[in-house]
Amino acid sequence: DRMQKELHEMQPLLKEARENAEVMMEDLSVRKVRVNEIRQSVSVTAAEAQEHQQVAAGLQADAQKDLDEAMPQLESALKALDSLNKNDIGEIRGYTTAPKAVDKTMQAVLIILKEPKLDWEYARGVLGDTNFIKRLKEYDKDNIPAQVITKLQKFLNDPEFTPEKVASGGSAACRSLCMWVKAIGLYYHVSRAVAPKKEALAQAQAKLDEMNATLADAQDKLQSVEQELAGLQERYDHTVAEKDSLETKIELSSKRLQAASTLTTSLADEVVRWDALLLEMEKDVVTLPGNVFVASACLAYLGAFTAPYRVAAVSR
């Protein structure tokens, strides 16, 4: 009865577990399809982002290659400016009438600095500024007006306007200033050629940033739905485990009930035999004293006689 009661109580639990497992399996299947769709979308977006990354890297490398042509000369010019000291500037400024090479160099410098005058007296005043070298070093080379280069071009095209010839024809200190002027002119032309590439790079980088943001959002969403799917899978596995456990218990209980029923049927047949045996034993109880007496007498008095005699004596 106890096993039958337990079996009866487990049946509704098993039914509920099976129903829950079926519902969760359907939900799990739908969610798996959705997760796979999101995963494929993320994969496509990642591939596109990688492609744009390669494009941006190529544009950046191309622009940098052009800039690398001008930067060494500019860096050399800035390094040359570092070698100038007050005595060097004083030597240039000390000319009452500047040599042609010196005057030409200072005119080019004044043009780049966008000074209003180019005559020597004004140039001497500019050289007297304690921040003169600092102005050259910190010059905004990325925002040079086109009209400045237009005015400067005749010096840049002048075959006599080279650091070596300026140094030999005027002042060794002017060599550094000439290097700076030439470097600024080269940087302007190179940066102007690079400008469209920089613009294309900026656009590609903006597109890449947008795609990376989209990719990050998609990856976050994928991670969220994967976590939800993992949680649902864990609950489903737990439900299936409970269902399997109940099925095992029910099967075991059913087998035990079957075995108990078989045993009960078998014992029912034995009851008849046991009843008959009991009646025989009750009859034997009546004759038991006499039988014991006879057996004792045989043991006590007939032991010395032969077997045939003992048999004949007992039968009488």
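Residues numbered from 1 in each chain as written. Predicted model: local features only at pLDDT ≥ 70, side-chain atom pairs only at ≥ 80, totals over all residues. Heavy atoms only, no water.

(A) The overall build of the protein chain, seen in detail. Within the protein chain, the regular secondary structure consists of nine helices and zero strands. The secondary structure elements of the protein chain, listed N-terminal to C-terminal, are α-α-α-α-α-α-α-α-α. For 316 residues, the compact-globule estimate of 2.2 N^0.38 gives 20 Å, and the protein chain exceeds it by more than 25% at 57 Å. Seen through its principal axes, the protein chain has C-alpha atoms that stretch 180 × 50 × 30 Å. Counting the 316 residues in the protein chain, one finds 30% classified as buried. Counting only contacts in the protein chain whose residues sit at least 6 apart along the sequence, the fraction spanning at least 24 positions is 80%. Mean positive and mean negative side-chain charge positions of the protein chain (40 and 49 charges, respectively) differ by 7 Å. (Helix = DSSP H or I, 4+ residues; strand = E, 2+ residues; numbered from the N terminus. Rg over C-alpha atoms; globule rule 2.2 N^0.38 Å. Buried < 20%, exposed > 50% of the residue type's maximum accessible area, 1.4 Å probe, protein only. Contact = heavy atoms within 4.5 Å. Lys, Arg positive; Asp, Glu negative; His and termini not counted. Charge placed at Lys NZ, Arg CZ, Asp CG, Glu CD.)

(B) Highlighting the layout of surface pockets. Reported here for the largest pocket is a volume of approximately 190 Å³. Taken together, L84, N85, K86, I89, G90, R93, L127, G128, D129, T130, F132 and I133 make up the full set of residues lining the largest pocket. Considering each element in turn, the lining of the largest pocket owes the most residues, four residues, to helix α2 (residues 86-93). When its residues are assigned to classes, the lining of the largest pocket shows five nonpolar, four polar and three charged. (1 Å grid on protein atoms, 1.4 Å probe; cavity = no way out; pocket = protein on both sides within 12 Å on 5 of 7 lines; lining within 4 Å. Points joined across faces, edges and corners; volume = space filled by probe spheres on them. Nonpolar A, V, L, I, M, F, W, Y, C, P; charged D, E, K, R; others polar.)

(C) Expanded view of the nonpolar core. If you look at the biggest cluster of nonpolar residues, it comprises 41 residues, and the most contacted ones within it are F132, L136, L152, L177, W180 and V181. The set of elements that each furnish at least two residues to this core consists of α1 (2-82), α2, α3 (100-112), α4 (120-127), α5 (132-137), α6 (146-156) and α8 (172-301). Looking at this core, the element that brings in the most residues is α8, giving 10 residues. Every residue in contact with W180, bar those within four places of it in the chain, is listed here: A77, L78, L81, V109, I112, L113, L136 and Y139. In this structure, M24, V42, L222 and V225 belong to the second largest nonpolar core, which totals 16 residues. (Core = buried A, V, L, I, M, F, W, Y, C linked by side-chain atoms within 4.5 Å.)

(D) Here's a closer look at a nonpolar patch on the surface. A cluster of nonpolar side chains, contributed by L263, L267, V271 and W274, occupies part of the molecular surface with about 370 Å² of accessible area. Assignment of secondary structure puts W274 in helix α8. (Patch = residues over 30% accessible without salt bridge, like charges linked within 9 Å, V, L, I, M, F, W, Y side chains within 5 Å. Areas by Shrake-Rupley, 256 points an atom, 1.4 Å probe, with all protein chains shown as cover. Salt bridge = Lys/Arg side-chain N within 4 Å of Asp/Glu carboxyl O.)

(E) Focus on the environment of A21. Relative to the assigned elements, A21 resides in helix α1. Spatially, the C-alpha atom of A21 lies 8.7 Å from that of D237, the residues being 216 residues apart in sequence. Among all residues touching A21, those that are not within four sequence positions of it are Y236, T239 and V240.

(F) Here's a closer look at the pattern of salt bridges. For the coordinates displayed, the defined rule picks out six salt bridges. With its nearest N and O atoms 3.0 Å apart, the salt bridge here joins R135 to E115. Here R135, found in helix α5, pairs with E115, found in the loop between α3 and α4; they are 20 residues apart in sequence, far enough to count as distant. Overall, E115 belongs to the buried group, its relative accessible area being 17%. A salt bridge links E160 to K165, with the shortest nitrogen-to-oxygen separation between them at 3.6 Å.

(G) Fine view of the state of the cysteines. As enumerated under the stated definition, the model contains zero disulfides in all. Just so you know, C174 is unpaired, no disulfide at all, and the nearest cysteine sulfur is the one on C178, 8.6 Å from it. (Disulfide = S-S within 2.5 Å.)

(H) A look at the side chain of K104. With respect to the helices and strands, the residue K104 is situated in helix α3. Excluding residues within four positions of it along the chain, K104 makes contact with F155, D158, E160 and F161.

(I) Inspection of α6 at higher detail. What α6 keeps buried is the set V148, I149, L152, F155 and L156. Looking straight down α6, one finds its buried side chains confined to an arc of 95°; they lie on one side. Pointing more than 90 degrees away from the buried face of α6 are the exposed residues Q147, T150, K151 and K154. Looking at the packing, one finds that the buried side of α6 touches α3 and α8. (Arc of directions from axis to C-beta.)

(J) Representation of the packing of α2 against α4 within the structure. Following both chains from N to C, one finds α2 and α4 inclined at 165°, their axes separated by 10 Å at the closest point. The angle between the axes of α2 and α4 places the two elements in the roughly antiparallel class. As α2 runs across α4, the sense of the crossing is left-handed. Contacts between α2 and α4 involve I89, I92 and R93 from the former and W120, R124 and L127 from the latter. Its residues placed into classes, the contact of α2 with α4 shows four nonpolar, no polar and two charged. (Axes fitted to C-alpha atoms, helices over the stretch in contact; angles between N-to-C directions. Parallel < 35°, antiparallel > 145°, perpendicular 65-115°, else oblique. Left-handed = near helix turned anticlockwise from the far one by under 90°.)

(K) How the structure looks around the packing of α6 against α8. Interhelical geometry of α6 versus α8 gives an angle of 125° and a closest axis separation of 11 Å. The pairing of α6 with α8 is recorded here as oblique in orientation. As α6 runs across α8, the sense of the crossing is left-handed. Contacts from A146, I149, L152, Q153 and L156 in α6 reach V181, K182, G185, Y188 and H189 in α8. A breakdown of the residues in the contact of α6 with α8 according to their chemical character gives six nonpolar, three polar and one charged.

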